[in-house]
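Letter by letter, the chains look like this.
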Amino acid sequence: MFFNGKTVFFNSQPVITGSAGVVGKKEGEGPLGSEFDAIFEDTTMGQDSFELAESAMLHAAIIRALSNAGKSPSDVSFVMTGDLLDQCVGSCFALKDLQIPFIGMYGACSTMALTLANCAITVDGGAKCCVAGASSHFCSSERQFRFPLEYGGQRPPTAQWTVTGAGSAVVEQLTDQNAENSIKIKAVQIGTITDLGIKDANNMGAAMAPVSGRIRP
């Protein structure tokens, strides 16, 4: 790999060979509903808490991504995931039975991009296969950052909704076998922290829109 300012360019061009996205009922009813691999109708996913439900979603996303890539947990060098909970506890419980070397990462809403970037860097450095992931659950994030739902706090009509969902992607070294149908990662760019002066705590979209507007294919 080599660097040009904030951008890391890869010599080997790591590839995404499998991916998966699972979501809750509300997300499944949206315009992207047909694009998800699984939609859970039960917000608790059959678990005893929203936090455990988030772990169950991430576990499901990772297993589906591995299956789509034709891989098993024993094939993976490292898994890098994160969530919105204290000490990435959602990710820890999702991965505890898979026995894959785990690197927890917290990037808030940038976690999926963060884990993908670091997986690509690690694969370019010599690892054969890494798994990137991220998860969030509306109910667990409300309890973490605002008020538990039981509190009954009123949200303004302009408030954004934290997604209930999880995503995962398998990143591997480029080979003759996976070159044709895989998505190549040619470079990643690491941004700087910029305060845009957004004061409305409920309007997360206003803070994120300028960043998404700078994404380039």
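Residues numbered from 1 in each chain as written. Predicted model: local features only at pLDDT ≥ 70, side-chain atom pairs only at ≥ 80, totals over all residues. Heavy atoms only, no water.

**Q** Explain the overall build of the chain to me, using residue names and the numbers behind them.
**A** Regarding its fold elements, the chain presents 6 helices and 10 strands. In terms of C-alpha radius of gyration, the chain reaches 18 Å, essentially the compact-globule figure of 17 Å for 217 residues. Taken along its principal axes, the extent of the C-alpha atoms in the chain is 55 × 40 × 30 Å. Expressed as a percentage of the 217 residues in the chain, the buried residues total 39%. (Helix = DSSP H or I, 4+ residues; strand = E, 2+ residues; numbered from the N terminus. Rg over C-alpha atoms; globule rule 2.2 N^0.38 Å. Buried < 20%, exposed > 50% of the residue type's maximum accessible area, 1.4 Å probe, protein only.)

**Q** Report on helix H5 (residues 138–145), specifying residues and quantitative values.
**A** Within the span of H5, buried status applies to Phe-138, Cys-139, Ser-140, Ser-141 and Glu-142. Buried residues belonging to H5 abut helix H2 (50–69) and strand S7 (129–136). (Contact = heavy atoms within 4.5 Å.)

**Q** Explain the packing of aromatic side chains residue by residue, including any values.
**A** Taken as a whole, this structure holds 2 aromatic pairs when the rule is applied. Ring geometry for Phe-2 versus Phe-9: centroids 5.1 Å apart, planes at 15 degrees, classification stacked. Residue Phe-2 is classed as partly exposed on the basis of its relative accessible area of 43%. Overall, Phe-9 belongs to the partly exposed group, its relative accessible area being 29%. Judged by centre distance (3.7 Å) and plane angle (10 degrees), the ring pair of Phe-138 and Trp-161 falls under stacked. Here Phe-138 is found in helix H5, whereas its partner Trp-161 is found in the loop between H5 and strand S8 (165–172), with 23 residues between them in sequence. According to the relative accessible area criterion, Phe-138 is buried, its value standing at 5%. Trp-161 sits in the partly exposed class, given a relative accessible area of 41%. Positioned above the aromatic ring of Trp-161, the side-chain terminus of Lys-26 is 4.5 Å from the ring centre. (Phe/Tyr/Trp six-rings, centres within 6.5 Å; stacked < 30°, edge-to-face > 60°. Lys NZ or Arg CZ within 6 Å of the ring centre and 35° of its normal.)

**Q** Requested: an account of the environment of Thr-162, with residues and values cited.
**A** With respect to the secondary-structure elements, Thr-162 resides in the loop between H5 and S8. When its relative accessible area of 11% is taken as the criterion, Thr-162 is described as buried. Once the C-alpha coordinates of Thr-162 and Met-204 are considered, the two residues, 42 residues apart in sequence, prove to be 9.1 Å apart. Ignoring anything within four residues of it in the chain, the contact list for Thr-162 reads Glu-27, Leu-84, Ser-136, Phe-138, Ser-141, Arg-146 and Met-204.

**Q** Tell me about the pairing of strand S5 (residues 78–82), and please be specific about residues and values.
**A** The side chains of a regular strand alternate between both faces of the sheet. A large share of S5 lies buried, amounting to 4 of its 5 residues. Bridge count between S5 and S7: 5 bridges; the pairing is parallel. Its bridge partner being in S7, Thr-81 is matched across the sheet by Gly-133. Direction of pairing for S5 relative to strand S6 (residues 102–104): parallel, over a ladder of 3 bridges. Residue Thr-81 lies in a different strand from S6, and its bridge partner there is Gly-104. (Pairing = 2+ DSSP bridges.)

**Q** Lay out helix H4 (residues 111–124) with the relevant residues and their values.
**A** The end-to-end C-alpha distance of H4, which contains 14 residues, comes to 20 Å, matching closely the 20 Å that a straight helix rising 1.5 Å per residue would cover. On its buried face, H4 is in contact with S5, S7, S8 and strand S10 (187–189). Residue Gly-126 follows H4 closely and has a positive phi angle near 135 degrees. (Expected span 1.5 Å × (residues − 1).)

**Q** Residues and numbers for the environment of Arg-64, please.
**A** For Arg-64, the location among the structural elements is in helix H2. Between the alpha carbons of Arg-64 and Ser-19 there is a distance of 7.3 Å; along the sequence they are 45 residues apart.

**Q** Could you give me a rundown of the side chain of Ser-182, with the residues and numbers involved?
**A** Looking at where Ser-182 falls in the secondary structure, it is placed in the loop between S8 and strand S9 (183–184). Under the relative-accessibility criterion, Ser-182 is labelled buried at 14%. Those residues in contact with Ser-182 that sit more than four places away from it in its chain are Val-15, Ile-16 and Thr-17.

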